[in-house]
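A structural walkthrough
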Amino acid sequence: MSIGREDVLHVAKLAELAVSDEELPKLTEQLGRIVDYVAQLNEVPAGEQAPPYLAGPDKVTLRPDVAAPVPLARPPADFAPEFSQGLFVVPRLGAMEDQ
Amino acid sequence: MSAVESAANAVREGRATAAVGAKEVASRLEKAAALNAALSWSAERLDAEASRVDGATPSERAKMPLAGVPIAVKDNIVTTEQPTTCGSRILEGYVSPFNATVINRLRAAGAMIACKANLDEFAMGSSTEHSAFGRVKHPDDPSRVPGGSSGGSAALVAAGVVPAALGSETGGSVRQPASFCGIVGIKPSYGRVSRYGLVAFGSSLDAVSTFGRTVDDAARVLAAMSGHDPLDATTIAQPPLVLDPPRRDLKGLTIGLPAEYFPRDLHQGVRAGLDRAIKAVKELGATIKEVSLPHTRYAVPTYYIIAPAEAAANLARYDGVRYGQRRVGPAGDLRALYQATRGHGFGAEVRRRILIGTYVLSSGYYDAYYRKAQQVRALLAEDFRRAFDTGCNMLLTPTTPTPAFKAGEKTEDPVAMYLADIFVCPVNLAGLPAVSFPVGRSEGLPLGAQLIAPNFAEAKMLSAAAALESAVDAAAEVR
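Residues numbered from 1 in each chain as written. Chains lettered and ligands numbered in written order. Predicted model: local features only at pLDDT ≥ 70, side-chain atom pairs only at ≥ 80, totals over all residues. Heavy atoms only, no water.

1. Topic: the pattern of salt bridges
One pass over the full model with this rule turns up 30 salt bridges over all chains. We note a salt bridge from Glu412 of chain B to Lys26 of chain A, for which the minimum N-O separation is 2.8 Å. Highlighted residues: Glu412 of chain B in the loop between strand E9 (394-398) and helix H14 (414-418) and Lys26 of chain A in helix H2 (residues 24-38), drawn from two different chains. Lys26 of chain A sits in the partly exposed class, given a relative accessible area of 43%. The shortest N-O distance in the salt bridge between Arg107 of chain B and Glu81 of chain B comes to 3.2 Å. One end of the pair, Arg107 of chain B, is in helix H5 (residues 101-108); the other, Glu81 of chain B, is in the loop between strand E2 (70-74) and H5, with 26 residues separating them in the sequence. In this structure Arg107 of chain B comes out as buried when scored by relative accessible area, which is 11%. (Salt bridge = Lys/Arg side-chain N within 4 Å of Asp/Glu carboxyl O. Helix = DSSP H or I, 4+ residues; strand = E, 2+ residues; numbered from the N terminus. Buried < 20%, exposed > 50% of the residue type's maximum accessible area, 1.4 Å probe, protein only.)

2. Here's the deal with the pairing of strand E7 (residues 254-258) of chain B
All names here are of chain B. In terms of burial, E7 is largely enclosed, as five of its five residues are buried. Side chains of E7 alternate between two faces, with Thr254, Gly256 and Pro258 and Ile255 and Leu257 buried alike. Of the pairings in the sheet, the one linking E7 to strand E8 (residues 287-291) comprises five bridges and is parallel in character. Bridging from a neighbouring strand, Gly256 pairs with Lys289 of E8. Since E7 and E8 lie parallel, the crossover through helix H9 (residues 268-283) that links them has a hand, and here it is right-handed. Here two bridges tie E7 to E9, and the two strands are oriented parallel to one another. (Pairing = 2+ DSSP bridges. Right-handed = clockwise from strand over helix to strand, strands pointing away.)

3. Side note on the interface of chain A and chain B
Taken together, the contact pairs 60 residues of chain A with 68 residues of chain B. Between chain A and chain B, a total of about 5700 Å² is buried, with carbon and sulfur atoms accounting for 64% of that surface. Across the chain A-chain B interface, the total number found is 23 residue pairs in polar contact (both at pLDDT 80 or more). Counting residues per element, the ones that place at least two in the side of chain A that touches chain B are helix H1 (5-14), H2 and helix H4 (94-98) of chain A. Here the element with the most residues in the side of chain A that touches chain B is H2 of chain A; it accounts for nine residues. Here the residues of the side of chain A that touches chain B sort into 40 nonpolar, eight polar and twelve charged. (Contact = heavy atoms within 4.5 Å. Buried area = accessible area lost by both parts, 1.4 Å probe. Polar contact = N/O pair within 3.5 Å; in protein donor to acceptor, adjacent residues only side chain to side chain. Nonpolar A, V, L, I, M, F, W, Y, C, P; charged D, E, K, R; others polar.)

4. Brief notes about the packing of H1 of chain A against H2 of chain A
Residues and elements named next belong to chain A. Their axes nearest at 9 Å, the elements H1 and H2 cross at an angle of 95°. As judged from the angle between their axes, H1 and H2 are roughly perpendicular. Across from Arg5, Val8 and Leu9 in H1, the residues of H2 making contact are Leu24, Leu27, Thr28 and Leu31. Grouping the constituent residues of the contact of H1 with H2 by class yields five nonpolar, one polar and one charged. (Axes fitted to C-alpha atoms, helices over the stretch in contact; angles between N-to-C directions. Parallel < 35°, antiparallel > 145°, perpendicular 65-115°, else oblique.)

5. Concerning the nonpolar core
All names here are of chain B. Within the largest apolar cluster, 143 residues are counted, with the highest numbers of intra-cluster contacts made by Phe122, Leu166, Leu396 and Leu451. In terms of residue count, the dominant contributor to this core is helix H13 (residues 366-389) (eleven residues). When sequence neighbours within four positions are dropped, the list of residues in contact with Leu451 reads Ile255, Met394, Leu395, Leu396, Pro433, Ala434, Val435, Phe437, Met461, Ala464, Ala465 and Leu468. In this structure, Ala32, Val53, Ala67 and Val136 belong to the second largest nonpolar core, which totals 33 residues. (Core = buried A, V, L, I, M, F, W, Y, C linked by side-chain atoms within 4.5 Å.)

6. Comments concerning the confidence of the model for chain A
Averaged over all residues, the pLDDT of chain A is 87; the fraction at 70 or higher stands at 93%. No element of chain A has a lower mean pLDDT than H4 of chain A, at 53, and none a higher one than H1 of chain A, at 96. (pLDDT = per-residue confidence, 0-100.)

7. Things to note about unusual backbone geometry
Residue and element names in this part refer to chain B. Geometrically, the link from Gly148 to Ser149 is a cis peptide bond, its omega value of 10° lying close to zero. Looking at the element boundaries, Ser149 is found in the loop between strand E3 (112-117) and helix H6 (151-158). Here Glu443, not a glycine, exhibits a phi torsion of approximately 50°, which is positive. Within the secondary structure, Glu443 is located in the loop between strand E10 (434-442) and strand E11 (445-452). With relative accessibility at 75%, the residue Glu443 sits in the exposed group. Unusually for a residue other than glycine, Phe456 sits at a positive phi of about 65°. On the secondary structure map, Phe456 appears in the loop between E11 and helix H16 (458-471). Under the relative-accessibility criterion, Phe456 is labelled partly exposed at 24%.

Here it is in structure tokens:
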């Protein structure tokens, strides 16, 4: 069950990751090897089961759901790529809205 | 007495000042520049760290278990004073508006943050060659890698620049470089240490972990930052780790040797190092028991489905809007911004893992890969439970299948690189604590062994590791 050029382009689109034509052949070959390697898990019979593994405590203790300002060493305008009038600024949605 | 204890005692008792210690660290960081292990530090920053300790009252200082101890911090743990790059161009120049909980706790314990340490980009790698800011060199042989992904922290401890350092583990990223560099690396139980402020990679796996030149050095740092944190709901509601007094023997303990970690084709030097550790276990009075962890061979493929899947989700935030050096794509719209920012900002290994993670979570492949990996992860955790249920207090294994390899040896073959984690990543999949400690050298290169313990049995595990450390001559060549 290997992975092909079209799979890589499809997944790159899902991941919002630009992939150039030049890097595509090597990337496809490397991803194919990784996918072939991890596919060995199919050797484990589906009926072989253990209690599901859950990371962390049995019961997660949540803090009170109270809105409070997060203490920051500097304001968002200092670390946001673009910030104006209390808002994070992004380009127009344009092409995405057309799809 | 360990380096950390002795340095802290001297400052606490007024026989030394943090300011002098800070100047010495600055000088050592300068001399070690060729290792490329530190990404950001300054003498001024170190002076400010020292002032906080020296400016405390004697009674305040007396309560600081790490008074004046300089600690290097892997650059995926956020600090407000220095940049946090995660070894990535996408975060170049980013300075966090808050400190990680572990940073606040170490400072409260009197520690000085010495520098931010180089790493594989977003902690993805086993050699610290995948940093956007250049590879880290092994302190004993610059042509070799220090291991990864916490290779900068490991190299700084091994080179004697700092007595202890913070790294992070997702699949062995502290124990593996500890083994390659001939130092100690401790991975705590999942939930023992807060991850608030650790940049997320694999959220069901990540653990802030520690390095030291001795078990005691690394353990003291771990104890100081452990304990429940209301800002991280995955921490266990337990008090901080209390270390056991050092043991002189291992009487009454049963140490398991899992057959799958001692394959016939195991590197001869690694095998000889483990033989030396096993001999010491017997001489110290423990009982040896052979056990089996039958799903071990599936740990690396399981890890390389689960970790990339979690990484693909966690790294979605680096989009040029919330985080990341923004680049506007040719179409000029939001999607072009995402794709151009991420396409340009991430390096080769991070891109591979995001793509694999997205693939195994995508429609039509989720059951075949991700759900299957969760099934096998449960079986791997069950293997460990059964071994401990048969009476083993701990398991002893090699940390790595080989000593440190040459730079460039595995960079073009991702699967070969992933196999460097074969003995360390099962522990992360099961959330267990483990410690790697040096057991000798093969052709001049350090070798490591690891003890793996049941969940939250760190105190017993670390006292046993300290006893073994005293009984094994880590500087001697194995035969």
